[in-house]
Each structure stands twice: as C-alpha cells, then as structure tokens.
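Each chain, letter by letter, is given below.
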Protein chains: 2
Amino acid sequence: MALIFYSPINPAEVWGPELKKHIPDLDFRVWEEPGDPAEIDMALCWKPPAGGLAKFPNLKVIFSLAAGVDHLFYDPDLPDVPVVRMVEPSLTAGVAEYIVLHVMRHHKDQLRFAEQQRAKVWEEYFAPPAWTRRVGILGLGVLGGTAAGMLKPIGFQLAGWSRSPKQVDGVEPFHGPDQLGDLVARSDILVSILPKTPQTENLLNADLFAKMPRGASLINAGRGDQLVEQDLLDALESGQISQATLDVFRTEPLPAGDPFWSHPKITVTPHSGGDPFPETAAKAVAENIMRFRNGEPLPNIAHPEDGY
Amino acid sequence: MALIFYSPINPAEVWGPELKKHIPDLDFRVWEEPGDPAEIDMALCWKPPAGGLAKFPNLKVIFSLAAGVDHLFYDPDLPDVPVVRMVEPSLTAGVAEYIVLHVMRHHKDQLRFAEQQRAKVWEEYFAPPAWTRRVGILGLGVLGGTAAGMLKPIGFQLAGWSRSPKQVDGVEPFHGPDQLGDLVARSDILVSILPKTPQTENLLNADLFAKMPRGASLINAGRGDQLVEQDLLDALESGQISQATLDVFRTEPLPAGDPFWSHPKITVTPHSGGDPFPETAAKAVAENIMRFRNGEPLPNIAHPEDGY
C-alpha cells in the first residue's frame, strides 16, 4: 500500500525523504507518477484538483497539509474517508506569530509611521500601553489559543469567541451567535482565525463592523469568504474601521486588479501566515500514518458537516 | 518651594493637573512663567535648553521625563544635583512593545510583504518558527528585561548583553566588552536598547556587523550615536545586514535629506518607541517628590560618570 502526495506549494522532494526518516518502508508516490491507483490507500494533500482523489479506489484516509480542510471539501467527488487536519508545532507557531505581528502593527500604528517615512515626515506618536488595548479573537482552537498565549504576556485585554463554549487561560470567553456582538463591541483589534464553514461565510460584514468601537481594526487570518469585501472598503472609507490586514481572500492569488492591493489602509499578505515545516510536520504525519497502519484512532479528524 | 516643568513634547497642561491629583499642594510652574527662580527646588524635564536649569540657584533635584538622561547631561552647566531617571510602567511597556513589534516584523519579514504589495506580487513566504530564531538584546535594564519577558513566550532563543553581569529569566547572559562579539555572533536579530554613554558611542559599527550572521538584522531603540551610519549603509549594500529599524538618530528630527528616509531596507520611526503617559508616570514622579520632601532616598538616580 502507498501514500500519494499532492501540493502546489509544498515540495515532494523534501516531504518524501522527511517522512521516510520516520517510516523507512513508506511507499511515497508523487501525483504525476502514482503507479497502480489501486495500491494507494493514503493521501497527503493541499488543494488537490477536483475529482483527483476519486481516482484511487482503495483510498482509506486523507491527511491535510493545512489546518483547514476547505481545500479538500470543495471537491464534490471527494472520497468518503476520514480527513485528518494538520495540527503540528511549526504551523501553529507560524499562524500564532502572524497574529502577534499584525496585532502589534495595529496596536503601535506602524502604518502611520510607514506613511510618514514615505513622506519624510517626523512626527512623534505614542501608542497607549497594551494593557489599555482590547483584542478580540474569533476562533479559539489551537491556533487562536496559541496566539492568545503569546499576546497575554504583552499585556493586552484578551477576549475570544468560539462556536461552542471554550476556556482559554487569560481570555474572556464568548460563544455562539448570540454573544458575537458583545465580543465585537469590546474589540479594538479584531482577529479572525475561524475555519471556512457555512456559518462563518460573510461573517465579517457591515453589521458586524458597525458594532465595533469606532476606529477599530481588523485582521483576517481565517478564510477569505468570511469577509464581505465591499463592506470593508465602506467601513474604511467612513473611518469606522481604521485599518485591516488580510492574509486570505476569496480568490487566491489575489488578482492584480483587486483594489485591496493599493488601498492605503489595507495590508495584504499572500496567505503566508503559517505553513507546516517538513522537519516537524512530517513527524506529526508519520505518527498518524503509524496509527492508521496499526488501526488506532486518528486525532484531529475533520467533520464535513461542520466544514472543519 | 516649587517644581519647574519643561518639555517640547509632553504637555504641561496635562502634567500639572495629573501631579496635583497626587500632591494637591504642589507648586507646579511652567518654563515660560517660573516666578521667583529662588523658589524652584525641583525640575521635571525633557531636553531643557542648555544653561536653562542653572538659572535656579536652589534646585535640589531633577526628575527626567525619559529613561535616558543624555538629554540633560549634554548641558555643561547642568546643576550638580541628583538626576532621577524615569522608570514607570507606561514608558517601559511602550519601549518593550516597540521592540516586540520590530523583532516580529524582522522575524516574519514583513518588509518583503510590503514590497510585494506595492508591486502587486503574490508570492508565498513562510518564516521559520520563532524557536529557530536567535534574538540578541544589548542592554538588560528594565526596558530590555521587559522586552525579553514578552519575547520569551513567543519562543525566540534569547540572549542579552550588559555592561556588568545580569541574570534575566530565559535569557542567555553575556557581559562586558570581551563577550560582546560572542553575543553578536549568535544574533539573527540584534536589538540595542543601550543608554548613551562614552562606551556605547559608535558601538554599532562595521566590525560588529561583520561578526553577525550573514543576513542578520538590526533594531536600534537606544540612542542615535551608537550607530555608525555609513557602516550600516555599507552592510545593507553588501547584504551582511538584511534590514534595520531605527527609532533614534544622531540628529533628531532626522533631516529631510537623510538617506535613511528612503532606504528600502531601513524602517524609520520618529523616536516614538515609548513615552511616559501622565496617568501612570505622574504617579511615579509624585512618589519621588514625596520621597524628596520627606528626605527619603530616591530610586533610579543617574550616574553622570557612567552617563545613565
């Protein structure tokens, strides 16, 4: 039996050897040379082409190369087998560090200093201490929780929102649709690290922005379709939102003609918050392969009905 | 007896009332209307004009509005009285948060993404996890130590250097001129938060840059004359240094013609790392005023012979 690998951004020539360090007898196959499709029982993928995985009749498990699994569930012909989300230290660190960076940029208003530098203007500005700043995190899974653990020692007033009740140390908890408005109303800096689900689609919209404190800011590190793009442009225009940082978009790569690219109050990053580094992530995948081989329960199985 | 106030950036109309909240009978006087100079026994200042404080014959103590005191000691006619450095929570937080922001910017290479955004280029880049990144902090006083306490939970490998041996939790310690090279050689991101002293002048020079790992980066939040400016430009040109963030300069405001303003690898901020917010800083000053009135020992007294 064999594992098939597909990713447009993660190199097979690195992942194959890294996995074999942990499982020397692993039959690792690349998408272009799968050999006999009937021999494939495992897949390790990021954004495989629609219908691609259906070609392997004996596929038993899919390992996602990402924390999110929307890059798989979009496929109507996705085989009905367990999908395992990527949960491993380097991806978690990358995303949490991304959130810390951009919360700090918004908090200290680095955008103001960048504008001043371009204009060669020297004008002091002193951000208030972090202990006066309220940060709200939408999504309190391992990524949001880890970010909170890094932000807390800086001194921010943290709150978090999740679908079902969750307790994270030092984070004021909110949950469910009824408490979303309360979370948003006390967030000077609002961060989304929510997964793509039917419930999170268009969540970041004009109604939500109107509930935020005037001049609050937004960071979207979740998924692009959570954001109603024109509503953000309007809220920036009115000053209700002061700035936004976006790592995810409805269309990726972001088209060259998109107004986000050149908007002075929007920071665009190319879906680069975090990525599983093979050194640590291959170990996590290898452990799951061994569990699968041994018939043991797999952790972090995605729920298609919830979308994550 | 009375306190004379001077600052080109801190508003007297805020500081006066804030101090009087704590000491209602305080005789608070502004520079333009000092009244009888003989009645002044205390000064609270940032960058007073040279010779200005010498006009008060009964001055007994000077409270600095900054952590550094070089803005006072430059004055050859400075009265020979105790100078108390500003140590209070909002200034400490502001500077430490500044360091965290720019360490994160360098670590995640936000400069690369800003360049890509200007060019409307979508190109993923994934920084390695913070646990692989070595940050070196020059200066382990309350500012450097507080920054270290915020950076540690993010996962960085921290080391610090100080004039005399110091232990800060989670920070590999280096001290004295002999160990400076060792600290620098293991710093992917080097931060200076050193005070202005004869020993720190021109410390950030070509010799030091040559000892850093190739492609390392620099953050100067100490004082401008620590940096040999042409050496930095040369090191950026050669690629030995990949980028720099500078909050302090030999001449402030930075002159409009300075090449730093438009250098693509230099981030300029207008000496805005941190500032004492009156809400917390006036309380700290008021406590020192009461100690002075009661003849009690004053904390954080500067040493003119050391320059801080």
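What you are looking at is a predicted structure, and each value in this text was computed from that prediction instead of being measured. (Residues numbered from 1 in each chain as written. Chains lettered and ligands numbered in written order. Predicted model: local features only at pLDDT ≥ 70, side-chain atom pairs only at ≥ 80, totals over all residues. Heavy atoms only, no water.)

Novice: Now, about the overall build of chain A: what can you tell me, with residues and values included?
Specialist: Secondary structure summary: chain A contains nine helices and 12 strands in total. The C-alpha radius of gyration computed for chain A amounts to 21 Å, which stays within 12% of the reference 19 Å derived for 308 residues, consistent with globular compactness. Along the three orthogonal principal directions, the C-alpha set of chain A runs to about 65 × 40 × 35 Å. Looking at chain A as a whole, 58% of its 308 residues qualify as buried. The long-range share in chain A, meaning contacts at least 24 apart out of those at least 6 apart in sequence, stands at 62%. For chain A, the exposed surface amounts to about 12300 Å²; the carbon and sulfur share of it is 52%. Averaged over its 27 positive side-chain charges, chain A has a centre that lies 5 Å from the centre of its 40 negative ones. (Helix = DSSP H or I, 4+ residues; strand = E, 2+ residues; numbered from the N terminus. Rg over C-alpha atoms; globule rule 2.2 N^0.38 Å. Buried < 20%, exposed > 50% of the residue type's maximum accessible area, 1.4 Å probe, protein only. Contact = heavy atoms within 4.5 Å. Areas by Shrake-Rupley, 256 points an atom, 1.4 Å probe, with all protein chains shown as cover. Lys, Arg positive; Asp, Glu negative; His and termini not counted. Charge placed at Lys NZ, Arg CZ, Asp CG, Glu CD.)

Novice: Describe in detail the interface of chain A and chain B, supporting the description with residues and values.
Specialist: At the interface, 56 residues of chain A touch 56 residues of chain B. Taken together, the two surfaces of chain A and chain B that pack against each other cover about 4600 Å², and 71% of this comes from carbon and sulfur. Summed over the shared surface of chain A and chain B, the result is zero salt bridges. Where chain A touches chain B, the interface holds 16 residue pairs in polar contact (both at pLDDT 80 or more). Looking at the side of chain A that touches chain B, the elements that each hand over two or more residues are α3 (89-108), α4 (110-118), α5 (142-151) and β12 (266-268) of chain A. (Buried area = accessible area lost by both parts, 1.4 Å probe. Salt bridge = Lys/Arg side-chain N within 4 Å of Asp/Glu carboxyl O. Polar contact = N/O pair within 3.5 Å; in protein donor to acceptor, adjacent residues only side chain to side chain.)

Novice: Can you tell me about helix α8 (residues 229-238) of chain A, naming the residues and giving the values?
Specialist: Residues Asp231, Leu232, Leu233, Ala235 and Leu236 of chain A constitute the buried set of α8 of chain A. Taken from the residues just after α8 of chain A, Gly239 of chain A is the one with a positive phi, measuring 90°.

Novice: Explain the pairing of strand β4 (residues 61-64) of chain B to me, and be specific about the residues and the numbers.
Specialist: All names here are of chain B. Residues Val61 and Phe63 point to one face of β4 and Ile62 and Ser64 to the other, with burial holding for every one of them. With four bridges joining them, strand β3 (residues 40-45) and β4 adopt parallel strand pairing. Bridging across to β4, Cys45 finds its partner in Ser64. Pairing between β4 and strand β5 (residues 83-84): two bridges, direction parallel. Following the sheet pairing, Phe63 is matched in β5 by Val84. (Pairing = 2+ DSSP bridges.)

Novice: Before we move on, could you go through the domain arrangement of chain A and cite the residues and values that matter?
Specialist: Residue and element names in this part refer to chain A. For chain A, the assigned domains read domain 1 (2-88 + 276-293) and domain 2 (92-268). Distance between the C-alpha centres of domain 1 and domain 2: 32 Å. Each side of the interface is counted separately: domain 1 has six residues, and domain 2 has six residues. Across the interface of domain 1 and domain 2, roughly 460 Å² is buried in total on both sides, 46% from carbon and sulfur atoms. Across the domain 1-domain 2 interface, the total number found is one salt bridge. The salt bridge involving Asp70 is made with Arg223; its shortest N-O contact spans 2.9 Å. For the side of domain 1 that touches domain 2, the per-class residue count stands at two nonpolar, one polar and three charged. (Domains from an automatic or database assignment. Nonpolar A, V, L, I, M, F, W, Y, C, P; charged D, E, K, R; others polar.)

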